[in-house]
Amino acid sequence: MNLHEYQGKELLSSFGVAIQRGIVAKTAAEAVEAAKQLTETTGTGWHVVKAQIHAGGRGKGGGVKLAKNLKELEQIAGDIIGMQLITPQTPPEGKKVNQVLVAEDVYYPGASEPNEFYMSVLLNRATGKNMIMYSTEGGMDIEAVAEATPHLIFTEEVDPSLGLMPFQARKVAFNLGLSGAAFKDMTKFVSALYKAYVGSDASLFEINPVLKTSDEKIIAVDAKVTLDENGLFRHKDLELLRDLSEENPVEVEAREVGLNYVDLDGNVGCMVNGAGLAMATMDLIKQAGGEPANFLDVGGTADAARVETAFRLILKDPNVKAILINIFGGIVRCDRVAQGIVDAYKNLGDAIQVPIIVRLQGTNADIAKQLIDSSGLNVLSATAFQEAADKVQEAIA
Ligand code: GDP
Ligand code: MN
């Protein structure tokens, strides 16, 4: 689950990470009020207005702008709120901006040394350790830095059972070329950031830029936060931060009914039980010359109601030319599943306009096949993997 920048910054702040201060606003008038309120605490009349969407690269797309007075701020906020913001990370049509973060201007012109850094915390699956990635080349495209000058990106692996050791925090500050007060502040910043990452069950923090201010303070100017969905049950407060308008509507619906569904770009819908079999089925579809339209694990109980819901979700995708159902009947008997498919099909009536290929293997597979074959519906049965692939190929030809 992704957070907006303003939510990410609040989360960081609650763990003691220093941030660029800001207030979120939904209208230009609210933005002006936010700026006035900020000026009272920060003393600066300059503010940045930042579009809040779940995508990076907002600066490049015109979603981050500096306002030097309230009149400019009102104008800029009015322009950004409601705009369709296109960045390298949004879909081609962009994303609608519903709110902006009004933040204190923390930049100062004429800095003589690098003062924008890059820092992320993530899991290194290969080593089973958390990892801090950081670079002096902050503010810009970190992908371009990784491509052209990979030696400028440092990594620090953290043993999760030990946590970030003080010497590691010092190493980070040293490698970033800091000294004096900024060095000390960076060690505090990294330590707090790591605690926030672990404490919120995050799977990714990306802070770009981390800024060294004119008074040698280290603060987070941006915050991309991804939380691990499997840890959300421990963070009811964070779960409330979910912005459904930023998410794929079919995936939202699937989650509500407890189905594991991921939307993809292909033309063959699939309905499978078990994540491993689902992956294998997606490979099968590719071999047959198709592209999977989704990942869908219906789980252990493939009864009529669940199958029907799964059908409904898959059929919302206009690109679907065929549906492949691949279910292994171990605990759940194949004939039950087959009956479920037939019942769901009948309930859906005309909603199903595409051929359906069903492969049921396991307990009572033979009875299941008879049930499907004698149903009179546009459902093709297959027993072997290859047979299913061939039928998919025919269906989408
Ligand atoms: P992103 O483009 O989506 O990654 O959004 P960021 O939050 O990183 O902002 C983009 C850029 O806006 C930053 O790299 C900065 O150069 C600039 N920016 C952010 N905050 C300020 C600020 O307080 N003052 C000024 N002048 N520029 C800022
Ligand atoms: Mn950024």
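Residues numbered from 1 in each chain as written. Chains lettered and ligands numbered in written order. Predicted model: local features only at pLDDT ≥ 70, side-chain atom pairs only at ≥ 80, totals over all residues. Heavy atoms only, no water.

**Student:** I'd love a proper account of the sheet that holds strand β3 (residues 64-67), names of residues and values included.
**Tutor:** Reading across from one edge, β1-β6-β2-β3 is the order of the four strands in this open sheet, with antiparallel pairing throughout. Looking at strand neighbours, the two that pair on one side only are β1 (22-25) and β3, the edges of this open sheet. For this sheet, the mean angle separating the axes of adjacent strands, direction not counted, is 25 degrees. Of the pairings in the sheet, the one linking β1 to strand β6 (residues 100-104) comprises four bridges and is antiparallel in character. Opposite I23, over in β6, you have V102 as the bridge partner. Contacting β1, β2 (47-51) and β6, helix α1 (residues 5-14) runs over the sheet at an angle of about 50 degrees to β6. Contacts between helix α2 (residues 28-42) and the sheet are confined to β1, β2 and β6, with β6 contributing the most and set at about 25 degrees to the helix. (Pairing = 2+ DSSP bridges. Helix = DSSP H or I, 4+ residues; strand = E, 2+ residues; numbered from the N terminus. Axes fitted to C-alpha atoms, helices over the stretch in contact; angles between N-to-C directions. Contact = heavy atoms within 4.5 Å.)

**Student:** Account for the site of ligand 1, naming residues and giving values.
**Tutor:** Around ligand 1 there are 19 residues in total, and Q20, K50, R58, G59 and D105 lie nearest to it. Within the side chain of D105, one N or O atom sits 2.5 Å away from a nitrogen atom of ligand 1. Here an oxygen atom of ligand 1 and a backbone polar atom of N208 are 3.0 Å apart. Those elements that provide at least two residues to the shell around ligand 1 are β2 and β10 (202-212). Shared between two domains, the shell around ligand 1 takes at least three residues from each, and those domains are domain 1 (1-19 + 109-247) and domain 2 (21-105). (Near = heavy atom within 4 Å. Polar contact = N/O pair within 3.5 Å; in protein donor to acceptor, adjacent residues only side chain to side chain. Domains from an automatic or database assignment.)

**Student:** A description of empty space enclosed by the protein should follow, citing residues and the corresponding values.
**Tutor:** Scanning the entire structure with this criterion turns up one cavity of 30 Å³ or more. Taken as a whole, the largest cavity holds about 40 Å³ of empty space. Lining the largest cavity are H4, Q52, I53, K96, V97, N98, Q99, D243, S245 and E246. Considering only residue class, the lining of the largest cavity consists of two nonpolar, five polar and three charged. If you count residues domain by domain, the lining of the largest cavity takes at least three from each of domain 1 (1-19 + 109-247) and domain 2 (21-105). (1 Å grid on protein atoms, 1.4 Å probe; cavity = no way out; pocket = protein on both sides within 12 Å on 5 of 7 lines; lining within 4 Å. Points joined across faces, edges and corners; volume = space filled by probe spheres on them. Nonpolar A, V, L, I, M, F, W, Y, C, P; charged D, E, K, R; others polar.)

**Student:** An account of the packing of helix α9 (residues 275-287) against helix α13 (residues 385-396) is needed here, citing residue identities and associated values.
**Tutor:** Where α9 contacts α13, the two axes come as close as 10 Å, and the packing angle between them is 50 degrees. By the angle between their axes, α9 is oblique relative to α13. Residues L277, A280 and L284 of α9 lie in contact with α13, whose contacting residues are F385, A388 and A389. (Parallel < 35°, antiparallel > 145°, perpendicular 65-115°, else oblique.)

**Student:** Tell me about the coordination of the manganese ion (ligand 2), residues and numbers included.
**Tutor:** Working reference: metal with six octahedral donors, ideal angles 90 or 180 degrees; metal with four tetrahedral donors, ideal angle 109.5 degrees. Binding of the manganese ion (ligand 2) to the protein goes through N208 (O) and D222 (OD), at separations of 2.2 Å. Separated by 14 residues along the polypeptide, N208 in strand β10 and D222 in the loop between β11 (218-220) and β12 (224-227) bring together distant segments of the chain. Pair check on accessibility: N208 and D222 agree, each one buried. (Donors = N, O, S within 2.8 Å, 3.2 Å for Na, K, Ca; no water. Buried < 20%, exposed > 50% of the residue type's maximum accessible area, 1.4 Å probe, protein only.)

**Student:** So what about the packing of aromatic side chains? Which residues, and what values?
**Tutor:** In the structure shown here, the tally under the stated rule is two aromatic pairs. Look at Y134 and F154: their rings are 5.2 Å apart centre to centre, the planes differ by 25 degrees, and that puts the pair in the stacked class. Taken together, the positions of Y134 in strand β8 (residues 129-135) and F154 in strand β9 (residues 153-158) put the pair 20 residues apart, joining distant regions of the chain. Residue classification places F154 among the partly exposed residues on the basis of a relative accessible area of 26%. When the ring of Y197 is compared with that of F205, the centres are 5.6 Å apart and the planes differ by 85 degrees; the resulting orientation is edge-to-face. The residues Y197 and F205 share a single accessibility class, namely buried. (Phe/Tyr/Trp six-rings, centres within 6.5 Å; stacked < 30°, edge-to-face > 60°.)

**Student:** Please set out the domain arrangement of the protein chain residue by residue, giving values where relevant.
**Tutor:** One can read the domain layout of the protein chain as domain 1 (1-19 + 109-247), domain 2 (21-105) and domain 3 (248-396). In total, domain 1 and domain 3 occlude about 330 Å² of area from one another, counting both sides; carbon and sulfur atoms represent 48% of this. Broken down residue by residue, the surface that domain 1 buries against domain 3 is led by R242, L244 and E247, which jointly contribute 91%. Between domain 1 and domain 3 we count one salt bridge in total. Between E247 and R255 there is a salt bridge, and its shortest N-O distance comes to 2.9 Å. Between domain 1 and domain 3 we count one residue pair in polar contact (both at pLDDT 80 or more) in total. When grouped by side-chain class, the residues that make up the side of domain 1 that touches domain 3 number one nonpolar, no polar and four charged. (Buried area = accessible area lost by both parts, 1.4 Å probe. Salt bridge = Lys/Arg side-chain N within 4 Å of Asp/Glu carboxyl O.)

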